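# Chain and residue survey
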Amino acid sequence: MKSPITITVTLFALAVGSGCFAAGVSGDAALSRKIFPFPTHRSDLDNGLAVISVAYDSPGIIAYYTVVRTGSRNEVESGLSGFAHFFEHMMFRGTARFSQEKYNDVLKSLGADSNAFTSDDWTCYHITASSSALETIMDIESDRFQNLEYDEPSFQKEARAVLGEYNKGASSPFLLLDEKMQDTSFTRHTYKHTTLGFLRDIEDMPNQYAYSRKFFERWYRPDNCAVVVVGDVDHARLVQLAQKYYGGWPRGGAKVDIPQEPPQREEKKIELTWPNRTLPYLYVGYHVPGFDPKSRELAALDLLAQASFSESSPLYRKLVLEEQKVEMLTAGADAHRDPTLFTVLCRIKSERDVAYVRDAIYQSLAKAGSEPISEERLAAVQSHVRYGFAMGLSSPDSVARVLGMFLELSGTADSINQLYATYESVTASDIQAAARKYFAPTNRTVVTLTAARGISTHTRPATADTRIGQDFGIRCATGTDCPGDAPAAATPHGGAAGTSACAPAAREVNLIVLPSSSPLIALRVLFRVGSQDDPPGKEGLAALTAALIAEGGSRKLSYDQILEQFYPMAADISGRADKEVSVFVANVHREKLDEFYPILSGMILEPRFDPADFERLREQHANYLSKTLRGNDDEALGKWTLQLALYPHHLYGHVDQGTVAGLAAITLDDVRQFYRAHYTVSALELGVAGGVDDSFVARVRRDFAALPNAPAESAPAPLLERPRSPHELELTIVAKDAPATAISLGFPVDLSRGDDDFYALAVANSYLGEHRTFNGRLMQNMRGKRGLNYGDYSYIENFIQDGGSTFPIPNTPRRQQYFSIWIRPVPHDKAVFALRQAVRELDMFVTDGLSEESFEATRQFLRNYSKLWVQTLS
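Quick caveat: nothing in here was measured; it's all calculated off a predicted structure. (Residues numbered from 1 in each chain as written. Predicted model: local features only at pLDDT ≥ 70, side-chain atom pairs only at ≥ 80, totals over all residues. Heavy atoms only, no water.)

Further remarks concern the overall build of the protein. When you go through the protein residue by residue, the secondary structure sums to 27 helices and 22 strands. Looking at the protein as a whole, 59% of its 874 residues qualify as buried. (Helix = DSSP H or I, 4+ residues; strand = E, 2+ residues; numbered from the N terminus. Buried < 20%, exposed > 50% of the residue type's maximum accessible area, 1.4 Å probe, protein only.)

Another aspect to go through is the nonpolar core. Within the largest apolar cluster, 75 residues are counted, with the highest numbers of intra-cluster contacts made by Ile 361, Ile 416 and Tyr 420. By residue number, the principal contributor to this core is helix H9 (residues 296–309), which donates eight residues. Among residues more than four places away in sequence, those in contact with Tyr 420 are Ile 35, Val 385, Phe 389 and Phe 406. Val 588, Ile 604, Leu 629 and Leu 637 belong to the second largest nonpolar core, which has 63 residues in total. (Core = buried A, V, L, I, M, F, W, Y, C linked by side-chain atoms within 4.5 Å. Contact = heavy atoms within 4.5 Å.)

Under the definition given, this model contains 40 salt bridges. The closest approach of N and O atoms between Glu 619 and Lys 349, which form a salt bridge, is 3.2 Å. Separated by 270 residues along the polypeptide, Glu 619 in helix H19 (residues 611–631) and Lys 349 in the loop between strand E11 (340–348) and helix H11 (354–370) bring together distant segments of the chain. One salt-bridge network, in which partners are shared between bridges, spans Arg 93, Glu 158 and Arg 783. (Salt bridge = Lys/Arg side-chain N within 4 Å of Asp/Glu carboxyl O.)

Within the secondary structure layout, Thr 66 lies in strand E4 (residues 61–68). Non-local contacts of Thr 66, meaning those with residues more than four positions away in its chain, are made with Thr 123, Cys 124, Tyr 125, Glu 141, Phe 145 and Ala 226.

With that out of the way, let us pick up the packing of aromatic side chains. The description of two aromatic rings rests on the distance between their centres and on the angle between their planes. For the structure on display, the rule yields 46 aromatic pairs. Look at Phe 87 and Tyr 150: their rings are 6.5 Å apart centre to centre, the planes differ by 70 degrees, and that puts the pair in the edge-to-face class. Of the two residues, Phe 87 sits in helix H1 (residues 83–90) while Tyr 150 sits in the loop between helix H3 (134–147) and helix H4 (152–169), which places them 63 residues apart along the sequence. Grouping residues by exposure puts Phe 87 and Tyr 150 together as buried. Taking 5.3 Å as the distance between ring centres and 90 degrees as the angle between the ring planes, the aromatic pair formed by Tyr 125 and Phe 145 counts as edge-to-face. With Tyr 125 in strand E6 (residues 123–130) and Phe 145 in helix H3, this pair connects stretches of sequence that are 20 residues apart. Here Tyr 125 matches Phe 145 in class, with each residue buried. The cationic tip of Arg 377 hangs over the ring face of Tyr 567; the distance from NZ or CZ to the ring centre is 5.1 Å. For the cation-ring pair, Arg 444 lies above Tyr 362, with the distance from its terminal atom to the ring centre recorded as 3.7 Å. (Phe/Tyr/Trp six-rings, centres within 6.5 Å; stacked < 30°, edge-to-face > 60°. Lys NZ or Arg CZ within 6 Å of the ring centre and 35° of its normal.)

Glancing now at the packing of H1 against helix H7 (residues 209–219). Running from N to C, H1 and H7 cross one another at 90 degrees; their axes reach a closest spacing of 11 Å. It follows that H1 is roughly perpendicular to H7 by the angle criterion. Counted together, Phe 83, Ala 84 and Phe 87 of H1 and Tyr 211, Ser 212, Phe 215 and Phe 216 of H7 form the full contact between these two elements. The residue inventory of the contact of H1 with H7, partitioned by class, reads six nonpolar, one polar and no charged. (Axes fitted to C-alpha atoms, helices over the stretch in contact; angles between N-to-C directions. Parallel < 35°, antiparallel > 145°, perpendicular 65-115°, else oblique. Nonpolar A, V, L, I, M, F, W, Y, C, P; charged D, E, K, R; others polar.)

Take the pairing of strand E16 (residues 572–577) next. Bridging between E16 and strand E17 (residues 582–589) involves six bridges; their strand directions are antiparallel. Bridge pairing links Asp 572 to Asn 587 in E17. If you look at the hairpin formed by E16 and E17, you'll find four residues sitting between the two strands. (Pairing = 2+ DSSP bridges.)

With that settled, consider the sheet that holds strand E8 (residues 268–274). With mixed pairing, five strands are arranged side by side in an open sheet as E8-E12-E9-E11-E10. This sheet does not close on itself; its edge strands, each paired only once, are E8 and strand E10 (326–332). Between one strand and the next, the sheet's axes are offset by a mean angle of 15 degrees, whatever the strand orientation. Bridge analysis of strand E9 (residues 281–288) against E11 gives eight bridges, and the strand direction is antiparallel. Counterpart to Val 284 in the pairing with E11 is Val 344.

On to the environment of Thr 194. Considering the arrangement of structural elements, one finds Thr 194 in the loop between helix H5 (173–185) and helix H6 (199–204). Between the C-alpha atom of Thr 194 and that of Met 181, which follows or precedes it by 13 residues, the distance is 9.5 Å. Residues within four places of Thr 194 in sequence aside, it is in contact with Ser 72, Asp 120, Asp 178, Glu 179 and Gln 182.

Bringing unusual backbone geometry into the picture now. Located in the positive-phi region is Phe 609, a residue other than glycine, with phi close to 50 degrees. A residue is classified by how much of its surface remains accessible, and Phe 609, at 6% relative accessible area, is buried. The backbone of Glu 728 shows a phi angle near 55 degrees, a positive value even though the residue is not glycine.

The next point concerns helix H23 (residues 694–704). Think of an α-helix as 3.6 residues a turn; residues three or four steps apart then line up on the same face. What H23 keeps buried is the set Phe 696, Val 697, Val 700 and Phe 704. Projected down its long axis, H23 carries its buried residues within an arc of 100 degrees, all on one side. What points out from H23, more than 90 degrees from its buried face, is the exposed set Asp 694, Ser 695 and Arg 702. Next to the buried residues of H23 lie strand E14 (511–515), strand E15 (520–527), helix H18 (593–605) and strand E18 (684–690). (Arc of directions from axis to C-beta.)

The subject of this paragraph is the sheet that holds E18. Taken in spatial order, the five strands line up as E14-E18-E15-E17-E16 in an open sheet, and their pairing is mixed. The two strands at the open ends of the sheet, each matched to only one other strand, are E14 and E16. When the angles between neighbouring strand axes are averaged without regard to direction, this sheet yields 10 degrees. Here eight bridges tie E15 to E17, and the two strands are oriented antiparallel to one another. Paired with Ile 521 across the two strands is Val 588, which belongs to E17. Packing against the sheet, H23 makes contact with E14, E15 and E18, and its axis sits at approximately 160 degrees to E18.

Before going further, it helps to examine the pairing of E18. The buried count for E18 comes to five of seven residues, which makes it a mostly enclosed element. Pairing of E14 with E18 involves five bridges; the strand directions are parallel. Paired with Ile 512 across the two strands is Gly 687, which belongs to E18. When E15 meets E18, the two strands line up antiparallel, connected through seven bridges. Note that in E18 the partner of Leu 523 across the bridge is Val 688.

This part takes up the side chain of His 336. Structurally, His 336 can be placed in the loop between E10 and E11. Residue class for His 336 comes out buried when judged on its relative accessible area of 12%. A distance of 2.8 Å separates the side chain of His 336 from the side chain of Asp 120, its partner in a polar contact. Excluding residues within four positions of it along the chain, His 336 makes contact with Asp 120, Asp 121, Tyr 191, Gly 290, Phe 291 and Leu 409. (Polar contact = N/O pair within 3.5 Å; in protein donor to acceptor, adjacent residues only side chain to side chain.)

This brings us to the packing of helix H2 (residues 100–110) against helix H27 (residues 852–865). In the contact formed by H2 and H27, the axes pass within 6 Å of each other and the chain directions differ by 55 degrees. Judged by the inter-axis angle, H2 sits oblique to H27. Here Lys 108, Ser 109 and Leu 110 of H2 lie close against H27, whose contacting residues are Ala 857, Thr 858, Gln 860, Phe 861 and Asn 864. Residue composition of the contact of H2 with H27, by class: three nonpolar, four polar and one charged.

A few words now on the environment of Val 655. By secondary structure assignment, the location of Val 655 is in the loop between helix H20 (634–646) and helix H21 (660–665). Separated by twelve residues in sequence, Val 655 and Gln 643 have C-alpha atoms that sit 8.6 Å apart.

With 13 residues, H20 should reach 18 Å at 1.5 Å per residue; the first-to-last C-alpha distance of 18 Å fits that figure. Counting buried positions along H20 yields twelve of 13 residues, so the element is predominantly enclosed. (Expected span 1.5 Å × (residues − 1).)

Attention now moves to the confidence of the model for the protein. Caution applies to low-pLDDT regions: their predicted coordinates should not be interpreted in detail. Of all residues in the protein, 89% have pLDDT values of 70 or greater, and the mean over the chain is 90. For the stretch residues 1–20, pLDDT sits under 50, and the model shows 90 contacts to residues farther than four places along the chain or on other chains. Confidence over residues 457–482 falls short of pLDDT 50; this stretch has 72 contacts with residues more than four positions distant or in other chains. (pLDDT = per-residue confidence, 0-100.)

Printed below as a string of structure tokens:
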């Protein structure tokens, strides 16, 4: 008998240079103190390959990076934009020794995390695995860099996958904003196109097989590459292995002339419209020089971005906190090898305020050129930059990525220390001079994006219909509500099939300590309260309460005062509410722990609950539901639509951020009462990792013990009804204007991590569709063999990816779970086929199972791979 499957289909209706790595490590006597703290060794093979090791305290783990100093910058031929990124995909297609399948089998046997990325200036291939796997990794990596093989049909299939990646990004305004900013600002230089390339060129990639071979021969040469290994590694052995596996790789020496960009002589303006709901965006760009670690002018621009636009800046305080006209504000110039753009990007709450915000930005930049910042402010900015860099060195992978970036920019690791020494030497007059020189109107490009006419951008009051799908023609065959809707009826807190829980007895603070030699400190504060505890009609109360704690003030300090105090130490705190828990995550350098901790504990133990913070964050959550989720993120919309279809009239039956109507009904008194009822020592779990001493641990335990125990009269934890089982195949279609079709499908399962069978199912699921790997048959058969899209994965529990990594965010427990398949966007005309294939793959797997050999290989993969989930202290 076939397993019942609920399928959510999001169906979108169509609307009509070259340089070598510098040999050796230069010694610059001017570097008074080195920001990069780890022992670094470099050797260069006779063929020009740089081999670099960094000793990092990560027993048994290494990050292995291959840096190629080629990106979209090198795409000088007309009609071939995006090819560096496309070729990154082709590098996984195999060789005569290691076919694509055999290459993946080797990585699977190692339990390795493997992926790659491309930017404007470089391409990077990275693997994180056990240090004992070093020689195996060097064997398979050196083979594909020297002996890559693929035929034209394979090439064409991967071209379709690259188009799928473009379509994935095209559901968000950010891709369109970047495309238009670069295309308009640059007239000759190859930065004119994004890393993905012009869409017309991506669509033509299947016809460029012959050029792909030329691209490989031109750029994938040892004198254009570096191998970086960070972690538990011996440099002498690394060099010996490098000579063995890479020593016969012949030099290249290819060069191309990168067109030079002429000065911009007049202001350029572009106005864009978005076919779906969105908040307005304003994007301003100025031409600035390329990377030079010794340039005080460049360093001054970086510090100016912090001084004028960071969360501690006067402009942020004015536009975001006081006037509440802007939801997001960020600025700066990403380091590039050639002259690039300094950009300011903001998301504005109302179209009527776009001109006001634009003028405020111009005034801030003009002020930076006319008035010197104070010595105190400059010192705070320099401190932030210094500690911010240190905070980013939290794992072998992050260290390797930072080192790789500086290698591609300059060819030498010394440029890290050179740049940060330059930051220390910048004066207030340097910042003034840089602002006057580069922020002229004639050097400016302005891109605005607003919703198309007829698309409402106003969040309606609670009395209006606030169904998320109203404007998209959602047809819910299951009769369920859609993301952002108010639940159709009050959710019962009981049921014979539910999971019962009683109010916990009073107890001491449960504190887990993980000692480490790291200079970084990570703290996690977890309360067993989440969106399941939202009162009927006030959906979003748990999420709003958590946000007000993490992004609001304390009894002693307002939120802007907290931002100002956190800023010089580059410390951070974030908070979020999931279904069952609310989690606060904090990170700080050990040197600043004594300053940071009293502020952090004050935010959680004595929150301010300021009315202005309340209004700001409530509107932000409503905007996410009504605009960002509906109009800017099709993959997330599909995932949430699936969850609501699986949990109708259930405590899990709304988006964690709530509903538009529920948020409108919440008052500040509701938040205060919710905090008092649920933020108790009885519901608390604490974790501390890093170089902390016993006295600090005792202090944390003592401080958090001041929270009240759950009052005797408080309600027990809510009971969960058993989710409704689907009948045969049930379909929900969200019809909207979008470039491709995103698909999610699934059904409830009666397993969680507390059940023995969960781990057997985990092995089965990994074989079917391990997240962001080529291990799963879904990925192999849908993307690998057919090139349908960018990715196809499966899950046996709710899965939220941790930032840019492939690993799940920790601390998201649920008493009830669901199985799902995620099909990343496919062309509209392939949507039905992709859906049918995913269902067929699942049915065949349920019927046929997996072989003993596949079982052992998959289990071994998970035993090794799961160890990589805890690379960082947090």
